[in-house]
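Inside the fold
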Amino acid sequence: MGKFLLGIIVTLVALILVALGVATLGLFPTPANVEPSHLERHFAMGAVDASMDRHAPRLTNPLMPNDQNLIDGMKLYTMNCALCHGGLDRKPSTLGNSFYPPPPNLVSDPPDDPEWHIFYTIRTGVRYTGMPAWDKALTPPDMWKITMFLSHMDKLPPAVQQYWKTSFGTSPEPENKEGMKDLSHDHDKDHH
Ligand code: HEC
């Protein structure tokens, strides 16, 4: 039994030394302009989701999903998030392919998570990724408005759809469902 334990400890120490060696010798890759492997994405996203499920409080949105709040959310999204997550004009986002892991395009592929989950992601960010924590930059009501906009994107009331059309020159409804399907093929299906 003693030998067995010793074996485990020696193995652990050896693994730690190898990891330290890999790090100090500069063997860990740092470029962010490449795609994470499927395996890495799968495990990393699983870990992020599991951690959120454990830590995020199950809050309900304190604001009413009325036209004004949704339009405010749309504006706040455009000012703060579109750069990385894709604009409402549906043009490719400027920085969409410049992160490791890449930011999901939230306009072509709106999150289907519950609002408490989206709110928590916005408020606390995602460590070791390009996703900032917004709690110091935005007020809770503003973060709830963005959350509301994202979770209602496929069921926006007519006035909000009209605002989207006149402001961004595109329809909130994807014009070409086939095209959208093709786009989502590129997306990691294990994401959610
Ligand atoms: C500087 C770039 C950047 C900005 C600005 C940014 N994000 Fe992100 N965001 C990311 C990256 C990168 C990820 C991917 C993190 C990951 O894979 O875990 C991400 C992930 C997310 C996710 C998680 C998606 C999922 O699959 O669960 C949500 C939701 C999100 N961001 C919302 C927002 C909102 C809302 C804003 C604006 C308030 C915003 N982000 C601003 C880079 C950004």
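Located above this text is the structure these notes cover.
Below is a summary of the structure that appears in this document.

Conventions adopted
- Residues numbered from 1 in each chain as written.
- Predicted model: local features only at pLDDT ≥ 70, side-chain atom pairs only at ≥ 80, totals over all residues.
- Core = buried A, V, L, I, M, F, W, Y, C linked by C-beta atoms within 7 Å.
- Buried ≥ 20, exposed ≤ 12 C-beta atoms within 10 Å, placed from the backbone.
- Helix = DSSP H or I, 4+ residues; strand = E, 2+ residues; numbered from the N terminus.
- Contact = placed C-beta atoms within 7 Å.
- Near = placed C-beta within 6 Å.

1. Thoughts on the nonpolar core
Ile146 and Phe149 are the most contacted members of the largest nonpolar core, which has 24 residues in total. Breaking this core down by element, the ones donating at least two residues are helix H3 (67-80), helix H4 (82-85), helix H5 (115-124), helix H6 (140-151) and helix H7 (158-168). Considering each element in turn, this core owes the most residues, 6 residues, to H6. The contact partners of Phe149, leaving out residues within four places of it in the chain, are Leu70, Gly73, Met74 and Tyr77.

2. Overview of the site of the ligand
Lining the immediate surroundings of the ligand are 23 residues, of which Cys81, Cys84, Pro103, Gly130 and Met131 lie closest. For the shell around the ligand, the secondary-structure elements that each account for two or more residues are H4 and H5.

3. Overview of the environment of Leu70
Relative to the helices and strands, Leu70 is located in helix H3. In this structure, Leu70 is in contact with Pro65, Met148, Phe149, His152, Leu156 and Val160, ignoring residues within four places of it in sequence.

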